[in-house]
Amino acid sequence: MEPAAESDAEMLGAPDPDLAATMGFSGFGKKARTFDLEAMFEQTRRTAVERSRKVLEAREKEMEEQAEKEFRSPCTDSSASASSAAGAGPVLTKREETCSGSEDSSDEEFTGASRQSQASAQGPAEDTDDEDDEFIGPPLPPGFKDSDDDNDDDTEEEENNPVKKIPDSHEITLQHGTKTVSALGLDPSGARLITGGYDYDVKFWDFAGMDASLQAFRSLQPCECHQIKSLQYSSTGDVILVVSGNSQAKVLDRDGFPVMECIKGDQYIVDMTNTKGHTAMLNSGCWHPKIKEEFLTCSNDGTVRTWDVNNEKKHKSVFKPRSVQGKRVIPTTCTYSRDGKLIAAACQDGSIQIWDRNMSVHTKFHCRQAHAPGTDTSCLTFSYDGTVLASRGGDDTLKMWDIRQFKMPLKSAERLPSFFPMTDCCFSPDDKILVTGTSVKKGGGSGKLFFFYRETFEKLYEIEVTDASVVRCLWHPKLNQIMVGTGNGLAKVYYDPVKSQRGAKLCVVKTKRKERQAETLTQDYIITPHALPMFREPRQRSTRKQLEKDRLDPMKSHKPEPPVAGPGRGGRVGTHGGTLSSYIVKNIALDKTDDSNPREAILRHAKEAEENPYWVAPAYAKTQPKTVFAEVEPEDDETDKPEWKKRKI
């Protein structure tokens, strides 16, 4: 052992007595154990060398056996054997010479055995890579397919058949009301759905909070007695744009509380640019896809305006669509492009006009005869790639446009009836399918949802929704679920348990909650936590437990017997009715005397009062004078008297 190690061992074995007394272990008196580190390292090294030698011997033996097998095969595999011999060392040099003549003829011919021998002849790093690639574990049973292979097959089928991408295997129905559901909105995460209708109501549905009873958690009327035209969540999902039949759009937060209301313009100003807001009924509105504070509205005053949530006193900019003659024309719907750089509006003269968001004077693209003049184009929507615009016309058509060649539509579908000014169309999440709904008259069949293939515009599929018109449709990209608003007050959600995510799948699996009895409080309770004990009121208690006990009591929980109708039975007298008047008629004798003359009514009781005095007469029996009443003269006597003698009434 070196001197340094010895000094360390001496320090460990013989500690300083003062230090030991200070640390509190001076009484042990035992010497610390010493270790020979060099001997330990030498033993470890020998063990490692021996183990490595055994591993190398086993590997060389395995390589020799492999080379033996190769040389038993025909000499066409000489190139492979040469590579294996290079790894095997001097053991295979003689056998190399025996087959060296055939190397030139078979340079590029490899069989399965030769590839295996090449792999085995290379270094140990490559061996470990091959072992990683090999299957580990027991062999698979016959007929077993890997799940990845199944998924690949399914995706190939879906690519070949777009109908399989439509999630329509299951549906749920949300009862909004009895009138048309004219607006639908889903937040970006797909957690909440809002519906608005012709009954002025806006209802909030929370998929995660609903159970199988499918009840809305909030209902309100944000615009009083105006029909709801459009509802949409912002790009962040924290606020909601409400467009109704009045001239002022509203913004609500996620729980339905008002955030801002647009100002109303001056309807006596001719130039709509100089007014601060809309002066006529709104038709549509939507949020900017990138800027969360900006939204867009269009109105019957012939303008399209952009707004900022933080400034409700005035619009940001005004776009005024014009007809061919340069006259004012009413926009029926409006939307942003997917990147938010373009603003598109469809007008009542059948035109579609598109502006640059930063230039409000002249249109960037326009098509004058996109749809029939005089009809309300109900929807404009851009594809997810931003190059294609779809329009749903009031002339019963669905058209698809390339805004770079805006004179003629790319594709068109006809005979799609639309009776509502907000009938929707939308693209599928993969941008390959276009969806729209159709309207029907009452008793005229079922409203349908049609799916068109974008490339060829052939009808892929249709869903019979209900016996009323299909007004709104929405295909959410994250949930992969289709929401539909109908003309009879229903909001339907179509989904597929495999292809869809969350949404309706969360609420259908929850059982309905048990209805609990309303917990009533016995008395009003004032909470005074810092009052003295003598002034503190007893703790507020609910009567629910008492009601449960009363329910178990047969006397208290006895159902009262219903009133007897008709003749009496079971010892009970039959009543003539259940009203107060029938009770009075039954228990009190009817008095049909005429009390129109008060004097006659009093004198009617005079004879009885004289014969049987009870109240006043006995007290004044001795002092009461004889009553004298005036005699009533007949009216005929007064007719002979002169006018000045007649009694004046």
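These numbers were taken from a predicted model, which means no experiment stands behind them.

Enquirer: Can you break down the nonpolar core residue by residue, with the values?
Expert: By size, the foremost hydrophobic cluster in this structure holds 17 residues, and its most contacted members are I172, L174, L193, F207, M210 and M483. Taken together, the elements giving at least two residues each to this core come down to strand 1 (170–175), strand 2 (181–186), strand 28 (490–495) and helix 9 (504–508). Residue contacts for L193: discarding those within four places in its chain leaves L174, L184, G185, L186, K203, F204, W205, F207 and M483.

Enquirer: Please provide a residue-by-residue account of a nonpolar patch on the surface, values included.
Expert: A grouping of F35, L37, M40 and F41 is seen on the molecular surface, where their side chains present a nonpolar patch of about 480 Å² in accessible area. With respect to the helices and strands, F41 occurs in helix 3 (residues 37–72). Relative accessible area serves as the criterion here: at 61%, F41 is assigned to the exposed category.

Enquirer: Account for the sheet that holds strand 28, naming residues and giving values.
Expert: Strand order in the open sheet made by the 4 strands is 1-28-27-26, with antiparallel pairing throughout. Looking at which strands have only one partner, the edges of the open sheet turn out to be strand 1 and strand 26 (470–476). Between one strand axis and the next, the sheet turns by 20° as a mean value, whatever way the strands run. Judged from the 4 bridges that link them, strand 27 (residues 481–486) and strand 28 form a sheet pairing that is antiparallel. Directly across from V484, in strand 28, lies its bridge partner K492.

Enquirer: A description of unusual backbone geometry should follow, citing residues and the corresponding values.
Expert: Positive phi, normally seen in glycine, also occurs at L214, with a value near 55°. Summarising the element assignment, L214 is placed in the loop between strand 4 (202–206) and strand 5 (218–220). Under the relative-accessibility criterion, L214 is labelled buried at 14%.

Enquirer: Any chance you could break down the side chain of T195 for me, citing the residues and the numbers?
Expert: Looking at the secondary structure, you find T195 in strand 3 (residues 192–197). By relative accessible area, T195 is classed as buried at 0%. There is a polar contact of 2.8 Å between the side chain of T195 and the side chain of H176. At 3.1 Å, the side chain of T195 forms a polar contact with the side chain of W205.

Conventions and cut-offs
Residues numbered from 1 in each chain as written. Predicted model: local features only at pLDDT ≥ 70, side-chain atom pairs only at ≥ 80, totals over all residues. Heavy atoms only, no water. Core = buried A, V, L, I, M, F, W, Y, C linked by side-chain atoms within 4.5 Å. Buried < 20%, exposed > 50% of the residue type's maximum accessible area, 1.4 Å probe, protein only. Helix = DSSP H or I, 4+ residues; strand = E, 2+ residues; numbered from the N terminus. Contact = heavy atoms within 4.5 Å. Patch = residues over 30% accessible without salt bridge, like charges linked within 9 Å, V, L, I, M, F, W, Y side chains within 5 Å. Areas by Shrake-Rupley, 256 points an atom, 1.4 Å probe, with all protein chains shown as cover. Salt bridge = Lys/Arg side-chain N within 4 Å of Asp/Glu carboxyl O. Pairing = 2+ DSSP bridges. Axes fitted to C-alpha atoms, helices over the stretch in contact; angles between N-to-C directions. Polar contact = N/O pair within 3.5 Å; in protein donor to acceptor, adjacent residues only side chain to side chain.

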